[in-house]
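# A structural walkthrough
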Amino acid sequence: MQLLKTEIKNKVLLSMINILDRKRQSIIEANKKDLDAFDKDDQALYDRLIVNNQKVDGMIKAVKEVMNQVDPVGQEISNESLDNGLKIINKTAPFGTIMIIYESRPDVTIEASVLAFKANNKILLKGGKEAKNSNLALEKCWHEALEENGLAKDWIKLLHLKREETQEFLKNPTEPIDLIVPRGGERLIKFVKDNANCAVLISGRGNNFLYVSENANWEKAKTIILNAKTDKISACNALDKVLINKNIDNYSEKLKELQELLNQHKVEIIVDEGISKKLSTIETVTDSSIWYEEFLAMKLLIGEVASLNEAIDKINEFSGGHSATIITENDNEAMLFMEQIDSAAVYQNASTRFTDGGQMGVGAELAISTDKLHHRGPLGLKQLVTNKYYVFGDGHVRV
């Protein structure tokens, strides 16, 4: 795709803001068709599917934020003049074409597109069939905004492919694709990795852990656990596992307090063998594979550890590499935990729910990457570019 000036990109985004506001009712009506056809047994997916006035306001806000951000394309990374007279400048450059495959959430159709477009990338959107009507309505908004400003509609394109057709497209794409971002659960990620023939940036899997140290403030611990677990169960930054140091003061009493708190909020509790000796009425883990699971439900697994190192080892073995937090008043202990945990975001005395582009100062995000190349954490506007070297000579040849 051609390189666009910042001015024209921002004009498209301004048009999009106005169109989303003007067409909000038709967007919500299209979403209602999807909601009516959806099997509500999967509460997490259903929650992600909903588009209401608040969600449309969020879409508009995301577009405004990106419009007001600095254009990430053409930014100088380095500028050097070598002894041989060559001048070498390294600048940011677009990827080219990004494909995102995602389940449910129609707001991804807005957030992914606005980020890709502002970074001068073409984007191919493969949303789930459960959000078909919502995504079609939002694609029409994008196309209207593009055409209103003299640009081709194919900057932003929704792919209408069934599973088998998607598989074939990944193996033999009908157009060049530079990067694929699967945003969803384990099955989706594996499907893309098994079939794609280009770079894949992994995102979305949570299975986040929280460790309560013997140096923890227990009141903080309870508040943070409750928020991280119950604030939004459908989010990839929701809490799934809690490890508690068995050496904390009044251990048994505190476990019972936590049990009562979680019961009040209708959170299903599962415990390991160590905790079950203190809370004998709760279901005990029988299959160790549950430690790998991302629940996306009102469900929490609580385990016992004897030390910081045991907690670190367990988290690094089982977590999704997304987010992990330690509850402790000992800053040295916290730093050791944060340095040794292999996750995209690590916390001291804070909820995992903050692993979010908007909450972390990044702004709108394409996804939360758990990969280490080329970026880990929220994929915002600055992360949707690669780089290019510009080399200026004067008849230079290598000898």
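Residues numbered from 1 in each chain as written. Predicted model: local features only at pLDDT ≥ 70, side-chain atom pairs only at ≥ 80, totals over all residues. Heavy atoms only, no water.

### Some points on the pairing of strand β13 (residues 345-348)
Looking along a regular strand, one sees side chains alternate from face to face of the sheet. So the rule is basically this: Burial status follows relative accessibility: with a 1.4 Å probe on protein chains alone, a residue under 20% of its type maximum counts as buried, one over 50% as exposed, and anything between as partly exposed. Numbering of helices and strands runs from the N terminus, with a helix taken as a DSSP run of H or I at least four residues long and a strand as a DSSP run of E at least two residues long. The pairing criterion is simple: DSSP has to find at least two bridges between the two strands. Look down the strands so they point away from you; if the path from the first strand over the helix to the second goes clockwise, the crossover is right-handed.
Here β13 shows a buried face lined by Ala345 and Tyr347 and an unburied face lined by Val346 and Gln348. Alignment of strand β12 (residues 323-327) against β13, held across four bridges, turns out to be parallel. Across the sheet, the residue bridging to Ser323 is Ala345, located in β13. For the crossover from β12 across helix α13 (residues 331-340) to β13, the handedness is right-handed.

### Topic: the sheet that holds strand β10 (residues 283-284)
Pairing in this open sheet of seven strands is parallel, and the strands run β10-β9-β11-β8-β7-β12-β13 from one edge to the other. The outermost strands of the open sheet, each flanked by one partner alone, are β10 and β13. Two strands pair when backbone bridges link them, and strand β9 (residues 268-271) and β10 are joined in this way by two bridges, in the parallel orientation. Looking across to β10, one finds that Val271 is bridged to Thr284.

### Comments concerning the pattern of salt bridges
Using the following cut-off: Salt bridges are identified by distance alone: a Lys or Arg side-chain nitrogen within 4 Å of an Asp or Glu carboxyl oxygen.
Inspection of every chain in the model, using the stated rule, returns 20 salt bridges. Between Arg24 and Asp21 there is a salt bridge whose closest N-O contact spans 3.0 Å. Taking the relative accessible area as the measure of exposure, Arg24 reaches 15% and is therefore buried. Among the ionic pairs, Arg353 bridges to Asp231, the shortest N-O distance being 2.7 Å. Of the two residues, Arg353 is situated in the loop between β13 and β14 (368-369) and Asp231 in the loop between α9 (218-230) and β8 (239-245); the sequence distance between them amounts to 122 residues. One connected set of salt bridges, linked through shared partners, spans Asp21, Arg24 and Asp57.

### A short note on the environment of Thr328
Put simply, the rule reads: Throughout this description, a polar contact denotes any pair of N or O atoms lying within 3.5 Å of each other; where both atoms belong to protein, one of them has to be capable of donating a hydrogen while the other can accept it, and for residues adjacent in sequence the pair is counted only when both atoms sit in side chains.
Position of Thr328 among the secondary structure elements: in the loop between β12 and α13. For the pair Thr328 and Val212, spaced 116 residues apart in the sequence, the C-alpha separation amounts to 6.9 Å. Side-chain polar atoms of Thr328 contact the backbone nitrogen of Asn330, separated by 3.0 Å. Side chain to side chain, Thr328 and Glu333 meet in a polar contact 2.5 Å long.

### Section: the nonpolar core
Generally speaking, nonpolar side chains in soluble globular proteins are found buried as a group. For clarity, the cut-off: Grouping buried Ala, Val, Leu, Ile, Met, Phe, Trp, Tyr and Cys residues that are joined through side-chain atoms within 4.5 Å yields what is termed a nonpolar core. A contact between two residues is defined here by any heavy atoms of the two lying within 4.5 Å.
Among the nonpolar cores identified, the biggest contains 51 residues, and Leu20, Ile100, Phe117 and Leu366 are the most heavily contacted of them. If near-sequence neighbours (up to four positions away) are discounted, Leu366 is found in contact with Ile100, Ala112, Leu115, Ile123, Val181, Arg183, Leu379 and Leu384. Judged by nonpolar contacts, the second largest core, of 24 residues, contains Trp218, Ile224, Leu239 and Tyr251.

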